[in-house]
Amino acid sequence: MSAQASPAEKGLNPGLMCQESYACSGTDEAVFECDECCSLQCPRCEEELHRQERLRNHERLRLKPGHVPYCDPCKGPNGHSPGVRQRAAVRCQTCKINLCLECQKRTHSGGSKRRHPVTIYHVSKAQEQLEGEGMDEETKRKKMTEKVVSFLLVDETEEIQVINEEDFIKKLDCKPDQHLKVVSIFGNTGDGKSHTLNHTFFYGREVFKTSPAQESCTVGVWAAYDPVHKVAVVDTEGLLGATVNLSQRTRLLLKVLAISDLVIYRTHADRLHNDLFKFLGDASEAYLKHFTKELKATSARCGLDVPLSTLGPAVIIFHETVHTQLLGSDHPSEVPEKLIQDRFRKLGRFPEAFSSIHYKGTRTYNPPTDFSGLRRALEQQLENNTTRSPRHPGVIYKALKALSDRFSGEIPDDQMAHSSFFPDEYFTCSSICLSCGSGCKNSMNHGKEGVPHEAKSRCRYSHQYDNRVYTCKACYERGKEVSVVPKTSASTDSPWMGLAKYAWSGYVIECPNCGVVYRSRQYWFGNQDPVDTVVRTEIEHVWPGNCNKCATSFKDNDTKHHCRACGEGFCDSCSSKTRPVPERGWGPAPVRVCDTCFDARNVHLDVPEAQVDEEGGTLIARKVGEAVQNTLGAVVTAIDIPLGLVKDAARPAYWVPDHEILHCHNCRKEFSIKLSKHHCRACGQGFCDECSHDRRAVPSRGWDHPVRVCFNCNKKPGDL
């Protein structure tokens, strides 16, 4: 085949020598391979060549033992397998190019070229076996990806589309014990994210859908498994695209970023825009502020030695230009990564959550885009297990599921002019205090872990919600904090005797440790305010919205129940038990309590059942007690409220006042001396007898036995 015999022709493998002869005359051993120069280079030639500005950004690879360069004709658009590069079998010394066996046969089998001297590269036994089978390494890799398909992992409403861990592994089509990493891609819509993944991982096959249409071809989050690099590849919906659920889309992107080991930010702009730096800076801040705690908890549950959130993912900014130079071309003394850090610093965005940020640029004079540099950069980062180690696919699913469960639910109206890609509203509890308007500072769905609402600021008193909490002053001075509540009678009084005492001497405040410490009308005159003498007061926030145990959202007030022991709001399933709560002024009759207070009870349940009034409800004393608690502050001395008005004062706070009720709320008949008005125990509106003659229990309002309800409330299904 060659004009003269050489050690190479005898099957020997001479050392890889410099193929440039730029500074060494071809006498030095090669140490680098420059893909864009298409040659092996010694240190001297590599340094001299790449001092030139036009060659500064060339990709160079340090050679390892047994290295075989790529075939040069396979790289270009005229190669026999575009997009698939074969390893070279020989190097033509005359043409100074590397050739695979097929390219050598195609270009050097006839004419004068067949007599060109060649150097035969060493081929490993594995490669010899592949060549013997008619398949080299690159062809084998391509064949491994032929059956790969993508699947919808999370839709645009943040709903995970795989049923469980087993379903996730099945759709990935990998082994359950396979260790793998996650690579995801972000960028503006239309910048070719799906196209980039297809050519970087799957040899140009359309694993992720691409389209020339104006509409975005990727909605939600799609995933596929690359069996060559052992990674789960994740494609995301583009930024700045037209979408109805902008808030959900941006929050979903951060969940994907949080479970990723390597992130590609793809930009097709001739210059790096501020949106890129703003996105990565905000993503870093949100990751540290909201996601690290949940990822650490997932790591602990999965038994991982290294927490998932030790550091965030590595980032590669893949920048493709057409008309402009790549970043750093006009700054020979500075690397692109240094310039990127300067841009972050100027914008006040510090991406400290990411383990590293790398820049990889390519300038496309003529399509198609060259993704080989990006592929090599990805492979180098995937080999680095210093901060992020491969893990089982089940762990990846659990992490995504944990983040999805925690950071889900409705988000306040989209703030299009928001200064942040990931504002705190996307990840924090949306509950607002009804009294002062302060927002809860905890993360979303914190109630599932039993964590109560908290606010950064103190609350203010609202008469509507009567949000004062009383503690015994004497106990507080002794180092104990004991809550007390005004009630109709002491725990030692019988219900009827307690009512009689209430009518004569007013409500009482009883401490479990100190006994009765206050009666509102104990003296004929000169009764002091309890706040000045026996109790301390604090103003607490009034939180609406969710069950205090399971965090289920209430659709309306009728589905919310208050525990008579702790006073918090619960759904029906979390407050279905009953027990006496005399310490809260509810007498000896069993009343509704939450499951937690029921389990923590310190009284026996064998207390005799309480008597009932003519309506079939609980004791009048209990009604009066409810009213006193809701109208605390309006109760004054016996001189101001005669005994005959006790009935009026005992009406619950949610009832519409009598003087505001002029017509029946249902039939609109006008009330008069002959037409009496009645309150529905469920909605509190006023009705005539004909429109409110039904009877049923209203546990949400504290009426556990059948009481008067209006026609409309009686038609509602389930418990009121």
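Keep in mind that what you see is a predicted model, and the values were worked out from it rather than measured.

Engineer: Give a description of the side chain of Asp694 that names residues and reports values.
Structural biologist: Assignment of secondary structure puts Asp694 in strand β26 (residues 694–698). Of the buried charged residues, Asp694 lacks a salt bridge, with Arg695 as the closest side chain of opposite charge at 7.2 Å. Of note is the side chain of Asp694, whose polar atom sits 3.5 Å from the side chain of Asn714.

Engineer: Tell me about the nonpolar core, residues and numbers included.
Structural biologist: Counting residues in hydrophobic clusters, the biggest one holds 52 residues, and the most contacted among them are Leu153, Leu280 and Ile317. Broken down by element, this core gets its largest block of residues, nine residues, from helix α8 (residues 274–302). Sequence-distant contacts of Leu280, defined by excluding residues within four places in its chain, comprise Tyr265, Val315, Ile317, Phe344, Pro351 and Phe354. If you look at the next biggest cluster of nonpolar residues, it comprises 21 residues, including Val148, Ile185, Leu197 and Phe208.

Engineer: Explain empty space enclosed by the protein to me, and be specific about the residues and the numbers.
Structural biologist: Here the structure, examined in full by the defined rule, presents three cavities of 30 Å³ or more. Space inside the second largest cavity adds up to approximately 60 Å³. Taken together, Leu153, Phe168, Leu172, Val182, Ala223, Ala232, Val234, Ile259, Ile396, Tyr397 and Leu400 form the lining of the second largest cavity. If you list the elements that add at least two residues to the lining of the second largest cavity, you get α5 (165–172), β10 (231–236) and α11 (393–406). Per-element tally for the lining of the second largest cavity: the top contributor is α11, with three residues. Per-class residue counts for the lining of the second largest cavity are 11 nonpolar, no polar and no charged.

Engineer: Give me the pairing of β10: which residues, what numbers.
Structural biologist: Both faces of the sheet carry side chains from a regular strand, because those side chains alternate between them. Counting buried positions over the six residues of β10 gives six, a clear majority of the element. Of the two faces of β10, both are covered, the one formed by Val231, Val233 and Asp235 as well as the one formed by Ala232, Val234 and Thr236. Here strand β8 (residues 181–186) runs beside β10; their pairing, made up of five bridges, is parallel. Its bridge partner lying in β10, Lys181 is registered against Val231. Judged from the six bridges that link them, strand β9 (residues 221–226) and β10 form a sheet pairing that is antiparallel.

Engineer: Would you mind going over the pattern of salt bridges in detail, with residue names and values included?
Structural biologist: Taken as a whole and assessed by the stated rule, the structure comprises 20 salt bridges. When the shortest N-O distance is used, the salt bridge between Lys577 and Asp595 registers 3.5 Å. Here the residue Lys577 occupies a position in strand β22 (residues 577–580), and Asp595 occupies one in helix α15 (residues 595–599), the gap between them amounting to 18 residues. Residue Asp595 is classed as buried on the basis of its relative accessible area of 11%.

Engineer: How would you explain the side chain of Thr471 if you had to name every residue and give the values?
Structural biologist: Checked against the element boundaries, Thr471 lands in strand β14 (residues 468–472). A relative accessible area of 3% means that Thr471 is categorised as buried. Not counting chain neighbours up to four residues away, the residues in contact with Thr471 comprise Glu481, Val482, Ser483, Val484, Val534, Val535 and Arg536.

Engineer: Can you explain helix α10 (residues 372–382)? Please cite residues and give values.
Structural biologist: Listed as buried for α10 are Ser372, Gly373, Leu374, Ala377, Leu378, Gln381 and Leu382. Those residues of α10 hidden inside the fold are in contact with β8, α6 (193–201), β10, β11 (262–267), β12 (312–321) and β13 (354–363).

Engineer: Go over the sheet that holds strand β16 (residues 486–487), please, and point to the residues and values.
Structural biologist: Across the sheet, three strands lie side by side as β16-β17-β18; this open sheet has antiparallel pairing. In the strand order of this sheet, the two ends are held by β16 and β18 (515–519), each with one partner. Pairing of strand β17 (residues 508–511) with β18 involves four bridges; the strand directions are antiparallel. Across the sheet, residue Cys511 finds its bridge partner in β18, namely Gly515.

Engineer: Talk me through the packing of aromatic side chains; I want residue IDs and the actual numbers.
Structural biologist: Considering all chains together, one arrives at eight aromatic pairs under this definition. Consider the rings of Phe168 and Tyr397, whose centres lie 5.9 Å apart with planes at 35°: the pair is tilted. Within this pair, whereas Phe168 is found in helix α5, its partner Tyr397 is found in helix α11, the two being separated by 229 residues in sequence. On the basis of relative accessibility, which here comes to 4%, the residue Phe168 falls in the buried class. Exposure remark for Tyr397: the relative accessible area of 8% places this residue in the buried category. Look at Phe277 and Phe344: their rings are 4.9 Å apart centre to centre, the planes differ by 80°, and that puts the pair in the edge-to-face class. Placement of Phe277 in helix α8 and of Phe344 in helix α9 (residues 336–347) is noted, with a sequence separation of 67 residues between them. By the burial criterion, Phe277 is buried, and Phe344 matches it. Linked through ring pairs, Phe151, Phe168 and Tyr397 together constitute an aromatic cluster.

About the criteria used
- Residues numbered from 1 in each chain as written.
- Predicted model: local features only at pLDDT ≥ 70, side-chain atom pairs only at ≥ 80, totals over all residues.
- Heavy atoms only, no water.
- Helix = DSSP H or I, 4+ residues; strand = E, 2+ residues; numbered from the N terminus.
- Buried < 20%, exposed > 50% of the residue type's maximum accessible area, 1.4 Å probe, protein only.
- Lys, Arg positive; Asp, Glu negative; His and termini not counted.
- Salt bridge = Lys/Arg side-chain N within 4 Å of Asp/Glu carboxyl O.
- Polar contact = N/O pair within 3.5 Å; in protein donor to acceptor, adjacent residues only side chain to side chain.
- Core = buried A, V, L, I, M, F, W, Y, C linked by side-chain atoms within 4.5 Å.
- Contact = heavy atoms within 4.5 Å.
- 1 Å grid on protein atoms, 1.4 Å probe; cavity = no way out; pocket = protein on both sides within 12 Å on 5 of 7 lines; lining within 4 Å.
- Points joined across faces, edges and corners; volume = space filled by probe spheres on them.
- Nonpolar A, V, L, I, M, F, W, Y, C, P; charged D, E, K, R; others polar.
- Pairing = 2+ DSSP bridges.
- Phe/Tyr/Trp six-rings, centres within 6.5 Å; stacked < 30°, edge-to-face > 60°.

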